[in-house]
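# Survey of secondary and tertiary structure
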Amino acid sequence: MERKLYGLGHLFMSIFLHTYSTFMVVPAITDVTMSALCPGKDECSLAIYLTGFQQVIIGLGTLVMMPIVGKLSDKYGRKSLLTMPMAFTIIPLGILACSRTRNFIYAYYAFKTLFAMISDGSVHCLALAYVADNVPEARRASAFGILSGISSCGFVCGTLTARFLSTASTFQVAASLAVVSLVYMRVFLPDSVIDDNLSVPIMSTEKPNAKELVKDSSKKENLFKSMPSADDMVALLNTSPTFSKAAVVAFFSNLADVGLHSSMMYYLKAEFHFNKDQFADLMVISGIAGTISQFILMPILAPLLGEERLLSVGLLFSCAHTFVYSLAWSFWVPYAAAMFSIFSVFVQPCMRSIVSKQVGSHEQGKAQGCISGIGSLANVISPLAFSPLTALFLSDKAPFDFPGFSIMCIGFSSMIAFIQSVMIRAAPAISNHRISNCNHVEP
């Protein structure tokens, strides 16, 4: 138990540093992109479409890769699989650390799209599986909340840092922190042990003997046969009604989150002339509210209300948050709406905890990867649906005067997720049953 808690501490620090570096650039990327592609303008359809195209391609890649990465981590360990996405984060940041001219912007989007097809969402997915390996079922909701709180801390620190740094320094510091997070994880994080019987990690430095080499060769031959297929995904979704309902919630909540993220900044830029510092202020308010909520309210409310009801509460506030943005009539409304994060942050940890209890210990990576893959499908559909709508209603060719119309449509996706979450009922976790099945040895 002491080793497990030791590992969680280093996991949390690794996730904090990684999140710190990745979110530091978010307030600046809109201004940088628009300055390079549409200098001197507050509305840029090219930037909106470029961002939407990037999200579609990344979503297609992660739709395929998330279940594979999750299942491979069940077999070869979380640490080995964490190395790849954390390393891939460094290169796009390094490109903009060098320059932010038009050609470098295009290079950034090209490399970011390529690498994010494999790495986007992988770090969080594998971190969730790591926590599930080391925390009992009764405490997982709170543990997932703490993990989300750590991510929120990184988010707040990143956006605060961006608020006070120049644009050039922001990308340079972010790239440096991404390197630090990778080195820290490789040096200090112990690999997760699943039922004290983890397979040899892919990047193991130990020298195996001849028998182990023969065994490892056989494993490699069967590696692609063990990759998750469409049938495996369907079987996993049919594990329980609770799992399938959580998958629907994951799809529609991700559809709304991605749509809001891609549309909101361009909407605020066009309507209220937001810049890097104001985007950072908005994100800091949201991040601080979410961090306080996950560290203080989550451990109290999860046992009191249950994860299923807390999930519904979070989605209800997520709906309200989106609708308020769409109807913003003054510069200060978005700042007030950001406070809704105090409850909307419950969605991801509650949903992931519900999912983790529906599978056995040897399927945590596969289950979290499946949910991440479903979220990636939403990442594909969301920009296809909402990016053209956002560009249309922010342009002079809008059929009627309602700049926030696309964001209101995004709010209806949140509403569907909320309605589905209300149908989730607390059910006995079946992981113990699955563990016994996993431990059963065929004669």
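Quantities reported herein were computed from a predicted structural model and do not represent experimental measurements. (Residues numbered from 1 in each chain as written. Predicted model: local features only at pLDDT ≥ 70, side-chain atom pairs only at ≥ 80, totals over all residues. Heavy atoms only, no water.)

## Concerning the overall build of the chain
- Looking only at helices and strands, one finds 20 helices and zero strands in the chain.
- Per-residue burial over the chain gives 56% buried out of 443 residues.
- In the chain, of all internal contacts separated by at least 6 residues, the share reaching a separation of at least 24 is 85%.
- Just so you have it, the chain exposes about 18800 Å², and 66% of that area is on carbon and sulfur atoms. (Helix = DSSP H or I, 4+ residues; strand = E, 2+ residues; numbered from the N terminus. Buried < 20%, exposed > 50% of the residue type's maximum accessible area, 1.4 Å probe, protein only. Contact = heavy atoms within 4.5 Å. Areas by Shrake-Rupley, 256 points an atom, 1.4 Å probe, with all protein chains shown as cover.)

## Focus on the packing of aromatic side chains
- Applying the stated criterion across every chain yields a total of 19 aromatic pairs.
- Among the aromatic side chains, those forming a connected cluster through ring pairs are Phe 272, Phe 274, Phe 279, Trp 332 and Tyr 335.
- Over the face of the ring belonging to Phe 164 we find Arg 163, whose NZ or CZ atom lies 5.8 Å from the ring centre. (Phe/Tyr/Trp six-rings, centres within 6.5 Å; stacked < 30°, edge-to-face > 60°. Lys NZ or Arg CZ within 6 Å of the ring centre and 35° of its normal.)

## Some remarks on the nonpolar core
- Among the nonpolar cores identified, the biggest contains 118 residues, and Leu 11, Val 131, Leu 268 and Leu 311 are the most heavily contacted of them.
- When residues in this core are grouped by element, the largest group, 16 residues, is from helix H12 (residues 241-272).
- Residues contacting Val 131, with those up to four places away along its chain left out, are Leu 8, Leu 11, Phe 12, Ala 143, Phe 144 and Leu 147. (Core = buried A, V, L, I, M, F, W, Y, C linked by side-chain atoms within 4.5 Å.)

## Observations regarding the packing of helix H5 (residues 90-98) against helix H9 (residues 167-188)
- Between H5 and H9, the least distance of the axes is 8 Å, while the angle of their chain directions is 155 degrees. It follows from the interaxial angle that H5 and H9 lie roughly antiparallel. Note that H5 runs across H9; the crossing there is left-handed. Here H5 contributes Ile 90, Leu 93, Gly 94, Leu 96 and Ala 97 to the contact with H9, which in turn contributes Phe 171, Gln 172, Ala 174, Ala 175, Ala 178, Val 179 and Leu 182.
- The residue makeup of the contact of H5 with H9, split by class, is 10 nonpolar, two polar and no charged. (Axes fitted to C-alpha atoms, helices over the stretch in contact; angles between N-to-C directions. Parallel < 35°, antiparallel > 145°, perpendicular 65-115°, else oblique. Left-handed = near helix turned anticlockwise from the far one by under 90°. Nonpolar A, V, L, I, M, F, W, Y, C, P; charged D, E, K, R; others polar.)

## What to know about the pattern of salt bridges
- Applying the stated criterion across every chain yields a total of six salt bridges.
- Ionic pairing is found between Arg 78 and Asp 74, a salt bridge with its closest N-O pair at 2.8 Å. With respect to burial, Arg 78 and Asp 74 carry one shared label: buried.
- Close ionic contact of Lys 357 with Glu 307 constitutes a salt bridge, the shortest N to O distance being 2.8 Å. (Salt bridge = Lys/Arg side-chain N within 4 Å of Asp/Glu carboxyl O.)

## Structural notes on the packing of helix H3 (residues 45-76) against helix H18 (residues 364-393)
- The interhelical angle for the contact between H3 and H18, taken along N-to-C directions, is 170 degrees, at an axis separation of 7 Å. Here H3 lies roughly antiparallel to H18, going by the angle between them.
- Residues of the contact of H3 with H18, tallied by class, amount to 14 nonpolar, 16 polar and three charged.

## Structural notes on the state of the cysteines
- Evaluated as defined, the whole model comprises one disulfide.
- Note on cysteine connectivity: Cys 38 is disulfide-linked to Cys 44, with sulfurs 2.0 Å apart. Across the S-S bond linking Cys 38 and Cys 44, the dihedral sits near 50 degrees, which makes this disulfide right-handed.
- With no disulfide of its own, Cys 153 has Cys 157 as its nearest cysteine by sulfur position, at a separation of 6.4 Å.
- Residue Cys 153 is classed as partly exposed on the basis of its relative accessible area, which comes to 23%. (Disulfide = S-S within 2.5 Å.)

## Structural notes on the confidence of the model for the chain
- Averaged over every residue, the pLDDT of the chain is 81; the share at 70 or more is 85%.
- Within the model, pLDDT remains below 50 along residues 431-443, and this stretch shows 15 contacts once partners closer than five positions in the same chain are excluded. (pLDDT = per-residue confidence, 0-100.)

## Digging into the side chain of Thr 113
- Along the polypeptide, Thr 113 turns up in helix H6 (residues 102-119).
- The buried category is assigned to Thr 113, whose relative accessible area is 12%.
- Contacts of Thr 113, omitting those with residues within four sequence positions, involve Gln 54, Ile 57 and Ile 58.

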